[in-house]
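# Working through the structure, step by step
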Amino acid sequence: MFFASAYSAPNIAILDDNISRANLGKIGYLFIDETKQLSQELIETDTYSRRFVPIERDFLQFGLVDGSVWLRAQVAIQSSARAPVALHINAPRLQQLSIFIPELNLIGPLAELGEYNPAQGRPIKHAEFIVPLPDPLPPLFTIYLKIDSNVPINLTAEVKTLSDTFADTQREQLWTGIILGIAFIVLFTNIVFWLRLSNIMYLIFSGILAGLITLHLSVHGYLYDWFPTFTGLQERLYNLSALGCAATISLFTRLYLNTATTLPKLDRLLLGLGLLNGFLGLIYSLIPEQLNIRYLSLMATGTLMLLFLAGFFAYLKKVPYAGYYLLARSTLTFGHFLWILTAYGMISSMFWYEWGLTLSILAEALIHFTGMLLRQRHANSHVVGKYSPGYSRDVSLQLLDDIKRRLAYPINIMTGIVPTLPNNEEQRTALASAKVGMEQLSNRISTLIDIETGRVREQTLPVSLDTLIREVQLSSRTAGADYQSVLFEYDKSLKVDIHSNAPMLQHLLVTLCYELQLYSDQELTICFNTPEFKDTQDHSVKLEIVIEPMPTSIDLAATGNIGIRHAIHVLDFLNGKFEDQGVGSQRRGLITLPLKASIGRQQQPSFNLKTSVLLFGHYTALMERTMYVSENNVGAMHHVADLEDLVQMLTRKRDEDESVIICLFEDEANSDAALISRIRNYLSPNDITLLITDNIRISERYCHNQGFDGLIYEHDLERRYLAHIRRLTKLIA
């Protein structure tokens, strides 16, 4: 009679010879004790028994519950073989789990499990909760589960044979082994890269993988296999690894996208975001019971959202490798968001709750790893190219760096000695030439190290071709009077703004000018064949540079030098090519170079032709640079070395609309700031006095107190100087 009623009952889990498992969620009932005070005896009374409601779900999701969750299910075992049966609860993150079977007449629960109970007290030592049911059991019995947890409650509860239980756990362990095996392989590979390349990006990426491994072990409960006597460890490490991953991903983003150079404002935000996540992760790991897990989830989700927006912004700005980053960030952001919805009971998916977070982070890591490999391959291709020099693999980079540092000492000494020889122009010129040569060698070593180690910085702001050529002209002419000048020819009607590799192009041209002048006894011409005019914002162009005449003594195939071969090495880094054309006196060099540039028509200058410039002081490199900036922007320019001559030029008869810009200098050979008081009475209302200096300790307040109209530092000379000229033009217009 009992068997008939048992088989017909819709809410009883039945195990027989054909059915070896039953999900308690499908036939169980639920009651939430908001007081957290009810005992098992009270729960069994009619008063509370009638408050249970059916669940009818395989995957039980309750989210965050302020109270004790009681589950009740009836089980009937009708197997003739009487195979061992176990209660299998897959919910490693539960903090308190008590199991009651009233028919056994036990004093207290059958088992007390969960995060706050030592793992060594479990009936079966496993990451999940497995409780063998005693034999014999009554034909029909009731199982009560009492759950208390400060984290979202998600679980499956099944009664099944021990053979099925172990088969399920072995299958899960197999997948865990595969996933962690992949993570460990990538982790060790990154550690090797870090040790070999000394690039901290690989070390921080290893931190992401270490966080992934810890996160997976804490979510799946495997940490207690090593620490069976600890309680609360799993929750602490989950909190630390969750926010630790967010912190390391934020810091990794800075290096992967090189935001310090490409996006400086975003770089500071990422640094702050990483430090904040790391701090909160430490706090949540120390006092998890006093903090709400909701805020941790909100912080992790918000961080990933911000990083996704940062990746999207970098992709729009065409930051190198931002495409890989955006794909990886989209994968993790979407996967983590789905996992959060699952964890808080908004989406029902046991698979995604168990594996979604791990798979999302692993997929993101593999995408990042692919991008990093391509980045390193790209860097290596620049080192071993068509014009790969013989020293690129043989000479120690540490040795080169040491040579560069040692060169700094004699360069500084020469810088201090040159101004002390005002009456011996020949010695000053020779010493200045030697100083320039040593600076050239130091700069080449620095560039070589940057290329070899992949630390060449990305260009952030466009540089006009006109500005670049002026800088090269200044560098080539300061090489000394023994060298012939270099004539640069280009279409000045076009405004060419270079958006990529301008510093490397300037270094290439300076190196070529310096080396070619060493071998040449005549004037050199470097002609820039700018591409066909296109009024566009940004596009790839092929820039042609013609050098003629090409000295016949230069051997382009030679490899044992850091001269012309270094220039070819830099050209190879820029993906350009050098073609040697003609022979003898007709020999010339043709450089073809791909660049990102915007090309438009040069606006006509708006300066007044009656504006003149007076440069006062000893002739120095800073004064010469000011002369180059003044060319084509003023009507006349004069260099005056004597104060009486300066006063005479200021007091001569001038037209009402004629104005003068008086430039005084504070540099290695001039200290003219105090002279402003001696010429102030000779200035007209339209005149402007400027102090130009390479000393950053001079403040604008000091400059204005002395009576100057403006202060210009050497590093900002062109922009600020031309701005004063335009302002003067508007004032007298």
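Residues numbered from 1 in each chain as written. Predicted model: local features only at pLDDT ≥ 70, side-chain atom pairs only at ≥ 80, totals over all residues. Heavy atoms only, no water.

### So, the overall build of the protein
Helix and strand counts for the protein stand at 22 helices and 24 strands. Put simply, the protein has 733 residues, and 51% of those count as buried. Pairs at least 24 residues apart make up 75% of the contacts formed inside the protein by residues separated by at least 6 positions. Accessible area for the protein stands at about 35200 Å²; split by element, carbon and sulfur atoms hold 55% of it. (Helix = DSSP H or I, 4+ residues; strand = E, 2+ residues; numbered from the N terminus. Buried < 20%, exposed > 50% of the residue type's maximum accessible area, 1.4 Å probe, protein only. Contact = heavy atoms within 4.5 Å. Areas by Shrake-Rupley, 256 points an atom, 1.4 Å probe, with all protein chains shown as cover.)

### Regarding the side chain of N154
Counting through the fold element by element, N154 comes out in strand 12 (residues 153-161). Exposure remark for N154: the relative accessible area of 2% places this residue in the buried category. Among the polar contacts made by the side chain of N154, one reaches the main-chain carbonyl oxygen of A343 at a distance of 2.8 Å. Among all residues touching N154, those that are not within four sequence positions of it are F59, L60, Q61, N90, A91, T342, A343 and Y353. (Polar contact = N/O pair within 3.5 Å; in protein donor to acceptor, adjacent residues only side chain to side chain.)

### Some words on the packing of aromatic side chains
Each aromatic ring pair is described using two quantities: the centre-to-centre distance and the angle formed by the ring planes. Using the criterion set out here, one finds 15 aromatic pairs in the structure. With centroids separated by 6.4 Å and ring planes inclined at 75 degrees, the aromatic side chains of W70 and Y144 adopt a geometry described as edge-to-face. Of this pair, W70 sits in strand 6 (residues 68-77) while Y144 is found in strand 11 (residues 140-148), placing the two residues 74 residues apart along the sequence. The pair formed by W70 and Y144 is uniform in burial state, with each residue classed as buried. Among the aromatic residues, those joined into a ring-pair cluster are F193, Y202, F205, F252, Y256, Y325 and F369. One Lys or Arg, R72, reaches over the ring of F52 and ends 4.6 Å from the middle of that ring. Its guanidinium or amino end placed over the ring of Y238, R93 lies 4.0 Å from that ring's centre, counting from NZ or CZ. (Phe/Tyr/Trp six-rings, centres within 6.5 Å; stacked < 30°, edge-to-face > 60°. Lys NZ or Arg CZ within 6 Å of the ring centre and 35° of its normal.)

### A short note on the pattern of salt bridges
Per the counting criterion, the structure on display carries eight salt bridges. Put simply, R21 and D168 hold a salt bridge, and the shortest N to O gap is 3.0 Å. Remark: D168 occurs in helix 5 (residues 162-197) and R21 occurs in strand 2 (residues 21-23); sequence separation between them is 147 residues. Take R21: its relative accessible area is 32%, and that puts it in the partly exposed class. Judged by relative accessible area, which is 16%, D168 ranks as buried. With a closest N to O distance of 2.6 Å, E364 and R329 form a salt bridge. On the criterion of sequence distance, the pair formed by E364 in helix 12 (residues 350-383) and R329 in helix 11 (residues 322-343) is long-range, its members being 35 residues apart. By relative accessible area, which is 0% here, E364 ends up buried. Where salt bridges share partners, they join R21, E158, K160, D164, D168 and R171 into one cluster. (Salt bridge = Lys/Arg side-chain N within 4 Å of Asp/Glu carboxyl O.)

### Points about unusual backbone geometry
Cis rather than trans, the peptide bond between D135 and P136 has omega equal to 5 degrees. The residue P136 is located in the loop between strand 10 (129-132) and strand 11 in this model. One non-glycine residue, N258, lies in positive phi territory at about 50 degrees. Note that N258 resides in the loop between helix 7 (233-256) and helix 8 (259-262). Judged by relative accessible area, N258 falls into the partly exposed class, the value being 24%.

### Structural notes on the confidence of the model for the protein
A low pLDDT score tells you not to read the predicted coordinates there in detail. On average, residues of the protein score 79 in pLDDT, and 81% of them reach the 70 mark or higher. Highest mean pLDDT in the protein belongs to strand 3 (residues 29-33) (93); lowest belongs to helix 1 (residues 2-8) (38). Here residues 1-9 is modelled with pLDDT under 50, and outside its nearest four sequence neighbours on either side it reaches eight contacts, counting other chains as well. Within the model, pLDDT remains below 50 along residues 381-395, and this stretch shows 33 contacts once partners closer than five positions in the same chain are excluded. (pLDDT = per-residue confidence, 0-100.)

### Re the sheet that holds strand 22 (residues 659-666)
Here five strands make up an open sheet; going across it, the order is 21-20-22-23-24 and the pairing parallel. A strand with exactly one partner marks an edge of an open sheet, and here the two such strands are strand 21 (636-640) and strand 24 (710-713). Taking the axes of each pair of neighbouring strands and ignoring which way they run, one obtains an average angle of 25 degrees across the sheet. Across five bridges, strand 20 (residues 611-616) lies against strand 21 in parallel orientation. Each residue of the ladder has a partner; that of L614, found in strand 21, is H638. Against the sheet, helix 18 (residues 621-630) engages strand 20, strand 21, strand 22 and strand 23 (688-693), with an angle of about 175 degrees to strand 20. Helix 19 (residues 643-651) rests against strand 20, strand 21 and strand 22 of the sheet, and its axis sits at about 165 degrees to strand 20. (Pairing = 2+ DSSP bridges. Axes fitted to C-alpha atoms, helices over the stretch in contact; angles between N-to-C directions.)

### Some remarks on a nonpolar patch on the surface
A cluster of nonpolar side chains, L174, W175, I178, I182 and L366, forms an exposed patch at the surface whose accessible area comes to about 460 Å². The element that contributes the greatest number of residues to the nonpolar patch is helix 5, accounting for four residues. Along the chain, I178 falls in helix 5. By relative accessible area, which is 39% here, I178 ends up partly exposed. (Patch = residues over 30% accessible without salt bridge, like charges linked within 9 Å, V, L, I, M, F, W, Y side chains within 5 Å.)

### As for the packing of helix 6 (residues 200-219) against helix 7
The contact between helix 6 and helix 7 brings their axes to 8 Å, and the two run at 155 degrees. As summarised for this structure, helix 6 and helix 7 are arranged roughly antiparallel, according to the angle between their axes. Seen from above, helix 6 lies across helix 7 with left-handed handedness. The residue inventory of the contact of helix 6 with helix 7, partitioned by class, reads 18 nonpolar, seven polar and no charged. (Parallel < 35°, antiparallel > 145°, perpendicular 65-115°, else oblique. Left-handed = near helix turned anticlockwise from the far one by under 90°. Nonpolar A, V, L, I, M, F, W, Y, C, P; charged D, E, K, R; others polar.)

### Some details on the pairing of strand 7 (residues 85-90)
Across the six residues of strand 7, six count as buried, placing the element largely inside the fold. Side chains of strand 7 alternate between two faces, with V85, L87 and I89 and A86, H88 and N90 buried alike. Strand direction decides the pairing type here: strand 7 and strand 12, joined by six bridges, are antiparallel. The residue of strand 12 that forms the bridge with L87 is V159.

### Quick word on the packing of helix 7 against helix 10 (residues 293-316)
Contact pair helix 7 / helix 10: the axes reach a minimum separation of 10 Å and the direction vectors enclose 20 degrees. Judged by the inter-axis angle, helix 7 sits roughly parallel to helix 10. Pair helix 7 / helix 10 crosses with left-handed handedness. On helix 10, the residues that touch Y238, N239, A242, L243, A246, I249, S250 and T253 of helix 7 are I293, L296, M299, A300, T303 and L307. Among the residues making up the contact of helix 7 with helix 10, the classes are represented as ten nonpolar, four polar and no charged.

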